Structure formats: structure tokens, C-alpha cells
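Chain by chain, the residues:
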Amino acid sequence: MIPRFKPYLDTRELSAALRLQKDAVEHFEAAFARTFETRHGIAFRYGRSALWAFFRALHIAGAEVIMPAFTCRVVGHAVVLSGNIPRFVDITMRDYNMDLEQVAAAITHQTRAVIATHLFGHPVNTVELDDILRSAEARWGHKIWVIQDCAQAIGSRWQGRLVCKARDAALFSLHVSKTLTCIAGGIITTDDAEVHRKLRAFRNEQFVAPSSGLRLRTYYHLVKSYPRYSEPVYYWVDWLKENTGLPGILRRGRRSLEGIGFPQDHLSQMLDVEAGIGLSQLRKYPDIVRAQRDNARYYAERLQAVPRITLPPLVDGATYSQYVVRMPHRQAVLVSARRHGVHLAPWIDYSLPTTAAFKRYSQNQAFPNAQVCSETSVSLPTYAALTVTQRARVVEALLCAL
């Protein structure tokens with residue numbers, strides 16, 4: 001079965017993990033910042049830990065934080081656990097990013113931050129967002145921080161400029177499902193020397209050295225990733241999850257929609273092993289993004305005339321960590337694709353303010369676009385390891401299902 005995502009790993013990552021480098025984390029931070037044209041990088045065990053630390057280090061608490069309704073739940077977890085209040089806005093149906101007109105209307109005297117999520121690699125209009133926030137800062141008389149959420153938008157650009165360079169800071173996730181991976185990990189980049197100083201000092205004071213057990217777990221997950229995403233193994237793992245009582249990743253994820261929390265090791269610092277893997281991945285970055293864009297163009301060409309399916313736009317600067325389409329009768333399509341040996345799935349199947357964990361923050365507002373996308377969107381794989389034959393099978397499976 002063709003996996004829905006697959007890390008771009010070879011012997012170089014395994015070699016890097018086994019060859020421990022002195023000050024590997026510092027080398028990785030510097031290399032990551034340099035690759036994405038920023039001055040500073042501060043690495044963490046998780047992207048959500050990095051976002052939480054940003055709010056804590058800059059003493060942002062008890063404030064409203066504007067964020068899209070259609071986004072990963074862990075972003076909302078970081079906002080709430082840092083002592084702040086999520087203020088949701090709806091998204092556009094064109095690129096799944098937050099509606100900037102709604103952002104402007106949502107800003108109040110309590111707003112201290114905006115999380116600009118560049119979902120699925122589609123860049124937010126950072127120029128328009130900056131204009132909105134400058135006007136709001138002049139009106140309310142205080143700073144409004146902006147975190148560019150680039151967890152799914154590594155290398156995305158707006159009008160030729162990397163979105164991670166806009167405003168104050170950018171957040172990246174380095175999970176195994178992301179464009180670049182350290183198996184686990186996250187990093188914040190910034191050009192602001194004071195933000196860098198405060199965030200690094202907070203991390204060094206509040207986060208602890210990783211345990212030897214955590215290092216062993218990382219080795220295990222790295223080694224497991226090589227066979228795990230091969231078609232035969234992936235098929236049997238998927239079959240077990242669908243046909244047995246095993247809890248599985250999807251079931252754990254569903255439970256996390258009911259509460260707000262962090263992993264037990266969220267205050268651990270990044271491992272040297274993870275940093276070594278990340279350094280190897282950075283060297284592959286141009287090839288990975290080139291492949292993602294090529295796969296997106298392929299899908300656009302093959303699916304543009306297909307009825308009952310809505311395609312995302314092909315945009316200069318988008319990196320297409322996933323190629324997300326919308327269609328009616330999604331569940332039937334997913335079941336049919338699985339029979340054809342292709343694992344298709346929604347990347348996000350919820351509108352965050354309608355979940356049990358976040359309903360209290362919805363202010364009784366409706367977020368119709370987020371709800372529609374949560375019910376009709378399907379993610380097509382674009383990862384660099386996807387072969388020409390496999391992507392043709394993806395299209396064939398989708399056409400057979402529609």
C-alpha cells in the first residue's frame with residue numbers, strides 16, 4: 001500500500017545518528033537558520049514546546065491569540081497551556097489559510113499575538129497581514145507578535161520572500177511526517193536578537209537534558225522508519241489498525257481532541273541524534289521541495305478536468321507538503337482507494353473550535369469554511385520518495401473511486 005506520507009531517508013541519516021557530533025544541536029540550529037535565510041535558530045523536542053516557550057519567554061499571558069479554525073490541534077494546545085486564549089478565525093476555500101479580513105475584524109485590545117499558519121505549504125499573504133497588524137498596533141497602542149507557522153511550509157515564499165522571514169519569528173515542526181524530519185523535533189527561527197536571547201535563555205533554564213531512554217527511543221523510531229513505510233509493511237500495519245483492537249495513531253489522535261495536554265517529555269531538549277539527522281536532511285532540502293512541487297503539478301494536470309473534485313491553486317512560492325483536494329462522499333472514496341492499494345486520508349478532519357477541547361473558545365461563532373474542509377478534504381501524497389509509478393497509481397485509484 002502506498003503510504004500517505006513517507007520520510008525521505010537513506011543511509012546518510014542512519015550514519016549521522018550513529019556518528020555523534022560534538023555540539024550537534026548548535027550546528028543544526030545554525031545550519032537551519034542559514035538555509036532559511038534567518039539569523040537565529042532555537043531547537044526544541046517538539047514544535048508545540050517551541051511555541052509554548054515563545055509565549056512564556058516573551059511574557060505573553062492572559063492574552064488573545066488569533067489563529068485559524070482549520071489547523072493542527074497541538075497549536076491550540078500550546079496557546080492554552082501557555083496561559084493564553086485562542087481566538088479563532090475562519091479560512092478561505094481557496095488555499096485553506098485564515099481569512100485576513102476576519103483577522104482584521106478579530107483584533108481587539110486583548111490581542112497580543114497572531115499565528116499565521118501556512119497550511120499545506122500555501123503561503124499566507126504576509127504583506128497584507130503586516131499592513132493589518134501595523135494598523136492595529138497604531139490603533140491599540142501595543143505590540144502584536146506574529147509567529148509564522150511553517151510546520152507544513154518549509155521553504156514557502158510570498159512574492160519571492162521566504163514567509164519565515166516575515167515579522168517576528170517562525171515555527172517549524174520536524175516530525176517524521178513533515179517535509180524535513182529529525183524523527184522528532186521543532187525549531188523557531190528569528191531575525192530579532194532580543195527574541196533569540198530571551199527564548200534561548202528560557203529554553204536553557206526550563207528544559208532538561210534528554211534521558212538515555214529518550215535517545216534509545218529515537219534510534220528505535222529511526223530504524224523502524226526504514227521498513228515501516230515500504231508498501232508491504234505499510235499494508236499490514238494499516239490492516240492491523242483497521243481490523244484489530246490495537247489503539248493506533250489515529251485512535252490516540254482522536255482522544256486528544258477531547259482534552260488539552262503535552263507529551264510527558266515535552267520539556268526535554270533536542271537530542272544530538274535528532275540534530276545529526278536534521279543536518280543530513282537539510283542537505284536534501286532542495287531536492288525534497290522540488291519533488292513536492294513536481295508531484296503537485298502532476299496531480300493538477302491529471303485531475304483538472306475531473307468533475308466533483310476541487311483542486312488547490314498552483315501558486316508560485318507554495319511547497320505542497322500535501323496536495324489537498326475536496327470532494328463529496330469522502331469516506332467512500334477513501335475506502336475505495338484503500339482497496340486499490342493507496343492510503344488516502346484527510347490531513348485535518350476537524351474544525352478546531354467545534355471539538356470538545358476548544359468549544360469553550362469558539363465564542364458561539366460559526367466557521368463554515370473550516371467545517372466544510374474538515375468534512376470534504378483529502379490529502380494526496382507529494383513526498384520526495386514517491387515514485388513516478390506510485391503517483392500514477394494514486395491518480396488511478398482516485399479516478400476509480402470517484
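Residues numbered from 1 in each chain as written. Predicted model: local features only at pLDDT ≥ 70, side-chain atom pairs only at ≥ 80, totals over all residues. Heavy atoms only, no water.

*Asks:* Describe in detail a nonpolar patch on the surface, supporting the description with residues and values.
*Replies:* Together, Tyr-235, Trp-236, Trp-239 and Leu-240 make up a nonpolar patch on the protein surface, roughly 400 Å² of accessible area in all. Secondary-structure assignment places Tyr-235 in helix α9 (residues 231-243). Residue class for Tyr-235 comes out partly exposed when judged on its relative accessible area of 35%. (Patch = residues over 30% accessible without salt bridge, like charges linked within 9 Å, V, L, I, M, F, W, Y side chains within 5 Å. Areas by Shrake-Rupley, 256 points an atom, 1.4 Å probe, with all protein chains shown as cover. Salt bridge = Lys/Arg side-chain N within 4 Å of Asp/Glu carboxyl O. Helix = DSSP H or I, 4+ residues; strand = E, 2+ residues; numbered from the N terminus. Buried < 20%, exposed > 50% of the residue type's maximum accessible area, 1.4 Å probe, protein only.)

*Asks:* Let's hear about the sheet that holds strand β3 (residues 85-89): which residues, and what values?
*Replies:* Reading across the sheet, the 7 strands line up as β1-β9-β8-β5-β4-β2-β3 and stay open at both edges, with mixed pairing between neighbours. Here the strands that pair on one side only, and so sit at the sheet edges, are β1 (40-44) and β3. In this sheet, neighbouring strand axes are inclined to one another by 25° on average, regardless of whether the strands run parallel or antiparallel. Pairing of strand β2 (residues 64-68) with strand β4 (residues 111-117), which is carried by 3 bridges, proceeds in the parallel orientation. Paired with Glu-64 across the bridge in β4 is Thr-111. Running at roughly 155° to strand β8 (residues 169-173), helix α3 (residues 47-57) makes contact with β1, β2, β4, β5 (145-149), β8 and β9 (186-190) of the sheet. (Pairing = 2+ DSSP bridges. Axes fitted to C-alpha atoms, helices over the stretch in contact; angles between N-to-C directions. Contact = heavy atoms within 4.5 Å.)

*Asks:* Give me the side chain of Thr-111: which residues, what numbers.
*Replies:* Relative to the helices and strands, Thr-111 resides in strand β4. Owing to a relative accessible area of 0%, Thr-111 belongs among the buried residues under this scheme. In this structure, Thr-111 is in contact with Glu-64, Ile-66, Ala-106, His-142 and Ile-144, ignoring residues within four places of it in sequence.

*Asks:* Give a description of the packing of α3 against helix α7 (residues 193-206) that names residues and reports values.
*Replies:* Here α3 crosses α7 at 110°, and the two axes come no closer than 9 Å. Classified by the angle their axes make, α3 and α7 are roughly perpendicular. The chirality of how α3 crosses α7 is right-handed. Contacts between α3 and α7 pair Trp-52, Ala-53, Phe-54, Arg-56 and Ala-57 from the former with Val-195, Lys-198, Leu-199 and Phe-202 from the latter. When grouped by side-chain class, the residues that make up the contact of α3 with α7 number 7 nonpolar, no polar and 2 charged. (Parallel < 35°, antiparallel > 145°, perpendicular 65-115°, else oblique. Left-handed = near helix turned anticlockwise from the far one by under 90°. Nonpolar A, V, L, I, M, F, W, Y, C, P; charged D, E, K, R; others polar.)

*Asks:* Break down the pattern of salt bridges for me, with residues and values.
*Replies:* Inspection of the entire model under this criterion finds 24 salt bridges. Close ionic contact of Arg-87 with Glu-64 constitutes a salt bridge, the shortest N to O distance being 3.5 Å. With a gap of 23 residues between them, Arg-87 in strand β3 and Glu-64 in strand β2 connect regions that are remote in the sequence. According to the relative accessible area criterion, Arg-87 is buried, its value standing at 14%. Residue Glu-64 is classed as buried on the basis of its relative accessible area of 7%. For Asp-294, the salt bridge identified is with Arg-297, shortest N-O distance 3.9 Å. Taken together, the residues Asp-294 and Arg-297, both in helix α11 (residues 272-303) and 3 residues apart, mark about one turn of the helix. Residues participating in the shared-partner salt-bridge network are Asp-10, Arg-12, Glu-13 and Lys-284.

*Asks:* Can you lay out the packing of aromatic side chains for me, pointing to particular residues and giving the numbers?
*Replies:* Summed over all chains, the structure comprises 23 aromatic pairs. Taking the centre distance of 4.9 Å and the plane angle of 70° together, the rings of Phe-36 and Tyr-285 count as edge-to-face. Of this pair, Phe-36 sits in the loop between α2 (24-35) and β1 while Tyr-285 sits in helix α11, and the two are 249 residues apart along the sequence. Tyr-285 shares its class with Phe-36; the two are buried. Ring geometry for Tyr-96 against Phe-120: centres 5.6 Å apart, planes inclined by 80°, an arrangement best described as edge-to-face. Remark: Phe-120 occurs in the loop between β4 and α6 (126-140) and Tyr-96 occurs in the loop between β3 and α5 (100-106); sequence separation between them is 24 residues. (Phe/Tyr/Trp six-rings, centres within 6.5 Å; stacked < 30°, edge-to-face > 60°.)

*Asks:* Could you give me a rundown of the environment of Glu-194, with the residues and numbers involved?
*Replies:* You can see Glu-194 is positioned in helix α7. Judged by relative accessible area, which is 37%, Glu-194 ranks as partly exposed. C-alpha separation for the pair Glu-194 and Asn-369, spaced 175 residues apart in sequence, amounts to 38 Å.

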